[in-house]
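Take a look at the letters that make up each chain.
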Amino acid sequence: MRLHSPEEHDKLLQSIAYELKLKEEICRLQEYRSCGVRSLKGAELYEQLKIRRCQSVPKQTTVESVLSAFDVQSKNWALFQSPTLVSDEKKLDVVTRGRRPAKRLDISAAPGVDALSDGERELCSSLRLLPLPYLDHKATLIQESERQGGLRLADARRFVHIDVNKTRKLFDYFTDQGWIQAIAS
(Lines give C-alpha, C1' and ligand atoms only; values in the text may rest on other atoms or scores of the structure.)
Protein backbone atom coordinates (compact mmCIF):
# COMPACT_ATOMS: atom_id res chain seq x y z
CA MET A 1 0.00 0.00 0.00
CA ARG A 2 1.47 3.30 -1.12
CA LEU A 3 0.56 6.61 0.55
CA HIS A 4 2.15 8.90 -2.00
CA SER A 5 4.19 8.78 -5.15
CA PRO A 6 8.03 8.90 -5.22
CA GLU A 7 7.90 12.51 -6.46
CA GLU A 8 5.66 13.48 -3.57
CA HIS A 9 8.00 11.69 -1.17
CA ASP A 10 11.00 13.65 -2.52
CA LYS A 11 9.03 16.87 -2.19
CA LEU A 12 8.14 15.94 1.41
CA LEU A 13 11.80 15.31 2.27
CA GLN A 14 12.83 18.63 0.69
CA SER A 15 10.12 20.40 2.72
CA ILE A 16 11.36 18.79 5.94
CA ALA A 17 14.96 19.80 5.16
CA TYR A 18 13.79 23.36 4.41
CA GLU A 19 11.86 23.42 7.69
CA LEU A 20 15.02 22.43 9.61
CA LYS A 21 17.01 25.19 7.89
CA LEU A 22 14.32 27.73 8.79
CA LYS A 23 14.32 26.59 12.43
CA GLU A 24 18.11 26.95 12.58
CA GLU A 25 17.88 30.44 11.10
CA ILE A 26 15.19 31.41 13.61
CA CYS A 27 17.36 30.16 16.50
CA ARG A 28 20.31 32.14 15.16
CA LEU A 29 18.21 35.31 14.85
CA GLN A 30 16.83 34.80 18.37
CA GLU A 31 20.39 34.51 19.66
CA TYR A 32 21.26 37.80 17.96
CA ARG A 33 18.22 39.50 19.44
CA SER A 34 18.94 38.21 22.95
CA CYS A 35 22.47 39.64 22.65
CA GLY A 36 21.14 43.02 21.55
CA VAL A 37 22.01 42.72 17.85
CA ARG A 38 19.42 44.49 15.74
CA SER A 39 20.93 44.68 12.23
CA LEU A 40 22.59 42.35 9.74
CA LYS A 41 25.81 44.35 9.94
CA GLY A 42 25.74 43.94 13.71
CA ALA A 43 25.14 40.21 13.25
CA GLU A 44 28.27 39.93 11.08
CA LEU A 45 30.32 41.74 13.71
CA TYR A 46 28.82 39.55 16.44
CA GLU A 47 29.81 36.38 14.56
CA GLN A 48 33.37 37.64 14.03
CA LEU A 49 33.74 38.50 17.71
CA LYS A 50 32.20 35.17 18.71
CA ILE A 51 34.79 33.31 16.63
CA ARG A 52 37.58 35.39 18.21
CA ARG A 53 36.30 34.63 21.70
CA CYS A 54 36.14 30.91 20.99
CA GLN A 55 39.68 30.93 19.62
CA SER A 56 41.09 32.94 22.52
CA VAL A 57 39.62 30.68 25.23
CA PRO A 58 42.10 27.90 25.96
CA LYS A 59 40.73 24.41 25.65
CA GLN A 60 40.22 22.83 29.05
CA THR A 61 39.95 19.23 29.97
CA THR A 62 37.11 18.09 32.16
CA VAL A 63 39.38 17.89 35.20
CA GLU A 64 40.65 21.45 34.62
CA SER A 65 37.13 22.82 34.27
CA VAL A 66 36.01 21.12 37.49
CA LEU A 67 39.05 22.38 39.37
CA SER A 68 38.61 25.94 38.08
CA ALA A 69 34.92 25.89 39.03
CA PHE A 70 35.87 24.61 42.49
CA ASP A 71 38.42 27.42 42.83
CA VAL A 72 35.77 30.04 41.97
CA GLN A 73 33.32 28.52 44.43
CA SER A 74 35.88 28.48 47.22
CA LYS A 75 36.64 32.16 46.59
CA ASN A 76 32.91 32.94 46.74
CA TRP A 77 32.65 30.95 49.96
CA ALA A 78 35.47 33.01 51.44
CA LEU A 79 33.52 36.18 50.60
CA PHE A 80 30.50 34.85 52.49
CA GLN A 81 32.70 34.17 55.51
CA SER A 82 34.30 37.63 55.57
CA PRO A 83 32.89 40.12 58.07
CA THR A 84 30.85 43.15 57.12
CA LEU A 85 33.03 46.22 56.73
CA VAL A 86 31.79 49.40 58.38
CA SER A 87 33.28 52.80 57.69
CA ASP A 88 33.95 54.33 61.12
CA GLU A 89 33.85 58.02 60.31
CA LYS A 90 30.95 58.11 57.85
CA LYS A 91 28.73 55.38 59.32
CA LEU A 92 28.14 53.92 55.86
CA ASP A 93 27.70 50.18 55.71
CA VAL A 94 29.65 48.57 52.89
CA VAL A 95 28.63 44.95 52.69
CA THR A 96 31.05 42.65 50.84
CA ARG A 97 29.33 39.34 51.39
CA GLY A 98 28.46 37.38 48.28
CA ARG A 99 29.91 39.73 45.71
CA ARG A 100 32.58 42.33 45.25
CA PRO A 101 31.63 45.87 46.16
CA ALA A 102 31.12 48.23 43.26
CA LYS A 103 33.99 50.52 42.39
CA ARG A 104 33.55 53.99 43.87
CA LEU A 105 32.43 56.71 41.48
CA ASP A 106 34.75 59.68 41.04
CA ILE A 107 32.44 62.70 41.34
CA SER A 108 35.12 65.33 41.90
CA ALA A 109 34.44 67.00 38.54
CA ALA A 110 30.71 66.28 38.33
CA PRO A 111 28.28 69.19 38.15
CA GLY A 112 26.72 70.02 41.50
CA VAL A 113 29.53 68.54 43.61
CA ASP A 114 30.18 71.94 45.21
CA ALA A 115 26.71 71.88 46.79
CA LEU A 116 27.50 68.66 48.70
CA SER A 117 29.03 68.29 52.14
CA ASP A 118 31.91 65.89 52.67
CA GLY A 119 29.54 63.24 54.00
CA GLU A 120 27.26 63.62 51.01
CA ARG A 121 30.22 63.35 48.62
CA GLU A 122 31.24 60.13 50.32
CA LEU A 123 27.67 58.82 50.11
CA CYS A 124 27.31 59.72 46.42
CA SER A 125 30.66 58.17 45.62
CA SER A 126 29.90 54.90 47.43
CA LEU A 127 26.37 54.64 46.01
CA ARG A 128 27.58 55.63 42.53
CA LEU A 129 25.09 58.52 42.30
CA LEU A 130 25.88 61.75 40.50
CA PRO A 131 25.40 64.91 42.60
CA LEU A 132 22.50 66.47 40.66
CA PRO A 133 20.21 63.39 40.80
CA TYR A 134 21.22 62.95 44.45
CA LEU A 135 20.19 66.55 45.20
CA ASP A 136 16.86 65.93 43.44
CA HIS A 137 16.25 62.79 45.54
CA LYS A 138 17.24 64.67 48.69
CA ALA A 139 14.87 67.58 47.94
CA THR A 140 12.02 65.20 47.13
CA LEU A 141 12.39 63.18 50.32
CA ILE A 142 12.80 66.23 52.55
CA GLN A 143 9.77 67.92 50.97
CA GLU A 144 7.58 64.81 51.33
CA SER A 145 8.76 64.26 54.91
CA GLU A 146 7.77 67.82 55.82
CA ARG A 147 4.46 67.54 53.97
CA GLN A 148 3.48 64.23 55.59
CA GLY A 149 5.09 64.79 58.97
CA GLY A 150 7.58 61.97 58.42
CA LEU A 151 8.30 59.12 56.03
CA ARG A 152 8.46 55.37 56.05
CA LEU A 153 11.03 53.55 53.95
CA ALA A 154 8.25 52.21 51.74
CA ASP A 155 7.11 55.78 51.06
CA ALA A 156 10.66 56.82 50.19
CA ARG A 157 10.86 53.98 47.69
CA ARG A 158 7.72 55.27 45.99
CA PHE A 159 9.11 58.79 45.64
CA VAL A 160 12.67 57.89 44.63
CA HIS A 161 12.79 55.51 41.70
CA ILE A 162 16.26 54.04 42.08
CA ASP A 163 17.64 50.75 43.38
CA VAL A 164 15.96 49.78 46.66
CA ASN A 165 19.31 49.26 48.38
CA LYS A 166 20.43 52.76 47.41
CA THR A 167 17.10 54.15 48.59
CA ARG A 168 17.59 52.40 51.93
CA LYS A 169 21.05 53.94 52.38
CA LEU A 170 19.79 57.40 51.39
CA PHE A 171 16.86 57.07 53.79
CA ASP A 172 19.13 55.97 56.64
CA TYR A 173 21.61 58.79 55.95
CA PHE A 174 18.88 61.44 55.81
CA THR A 175 17.33 60.24 59.07
CA ASP A 176 20.77 60.16 60.73
CA GLN A 177 21.33 63.75 59.62
CA GLY A 178 17.89 64.76 60.91
CA TRP A 179 16.70 65.98 57.51
CA ILE A 180 13.72 63.63 57.46
CA GLN A 181 11.73 62.06 60.24
CA ALA A 182 11.33 58.30 60.03
CA ILE A 183 7.97 56.82 60.90
CA ALA A 184 7.95 53.25 62.24
CA SER A 185 6.37 50.82 59.80
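These remarks concern the structure in this document. For every chain, the first residue of the written sequence is number 1, and numbering continues from 1 onward in sequence order. In keeping with the predicted nature of the model, local features appear solely for residues at pLDDT of at least 70, side-chain atom pairs appear and are counted solely at 80 or more, and the whole-chain, interface and lining totals rest on all residues. Working from all heavy atoms in the structure, the side-chain values ignore hydrogens and water.

Re the packing of helix α4 (residues 118-127) against helix α7 (residues 164-177)
Look at α4 against α7: their axes get within 11 Å of each other, and the N-to-C directions meet at 170 degrees. Between α4 and α7, the interaxial angle falls into the category roughly antiparallel. Here G119, E120, L123 and L127 of α4 lie close against α7, whose contacting residues are K166, K169, L170 and Y173. Of the residues contributing to the contact of α4 with α7, the split by class is 4 nonpolar, 1 polar and 3 charged. Between N-to-C directions, angles cover 0 to 180 degrees, with each direction set by a line fitted to C-alpha atoms, over the stretch in contact for helices. To qualify as a helix, a DSSP run of H or I must reach at least 4 residues; to qualify as a strand, a run of E must reach at least 2; elements of each kind are numbered from the N terminus. Between 65 and 115 degrees an angle is taken as roughly perpendicular, under 35 as roughly parallel, over 145 as roughly antiparallel, and anywhere else as oblique. In what follows, a contact means two residues having at least one pair of non-hydrogen atoms within 4.5 Å. Classes in brief: Ala, Val, Leu, Ile, Met, Phe, Trp, Tyr, Cys and Pro nonpolar; Asp, Glu, Lys and Arg charged; the others, Gly included, polar.

Some details on the nonpolar core
Judged by nonpolar contacts, the single largest core of 20 residues is most densely connected at Y134, L141, L170, F174 and I180. Mapped by element, the contributors of at least two residues to this core are α4, α5 (131-148), α6 (153-159) and α7. Take this core: its biggest share by element is 4 residues, from α7. If we skip the residues at most four places from it in the chain, I180 touches L141, I142, S145, L151, F171, F174 and T175. In this description, a nonpolar core means a group of buried Ala, Val, Leu, Ile, Met, Phe, Trp, Tyr and Cys residues linked to one another through side-chain atoms lying within 4.5 Å. Each residue is assigned to one of three classes by its accessible area relative to the maximum for its type, calculated with a 1.4 Å probe on protein chains only: buried under 20%, partly exposed between the two thresholds, exposed over 50%.

With respect to the packing of α5 against α7
Taken N-terminus to C-terminus, the directions of α5 and α7 make an angle of 60 degrees; their axes are 11 Å apart at the nearest point. One element, α5, and the other, α7, form an angle in the oblique class. Note that α5 runs across α7; the crossing there is right-handed. Where α5 approaches α7, its residues Y134, H137, K138 and L141 are matched on the opposing element by L170, Y173 and F174. By residue class, the composition of the contact of α5 with α7 is 5 nonpolar, 1 polar and 1 charged. For a crossing to be left-handed, the near helix must be turned anticlockwise from the far one by less than a right angle; the clockwise case is right-handed.

Some thoughts on the pattern of salt bridges
Whenever Lys or Arg places a side-chain nitrogen within 4 Å of a carboxyl oxygen from Asp or Glu, that contact is recorded as a salt bridge. Inspection of every chain in the model, using the stated rule, returns 10 salt bridges. Taking the shortest distance from any N to any O, the salt bridge between E19 and K23 comes out at 3.5 Å. Highlighted residues: E19 and K23, both in helix α1 (residues 6-34), separated by 4 residues, approximately one helical turn. Assessed through its relative accessible area of 39%, E19 is described here as partly exposed. Residue E120 pairs with K138 through a salt bridge whose shortest N-O separation is 2.8 Å. Highlighted residues: E120 in helix α4 and K138 in helix α5, separated in sequence by 18 residues. A single network of salt bridges, built from pairs that share partners, joins R152, D155 and R158.

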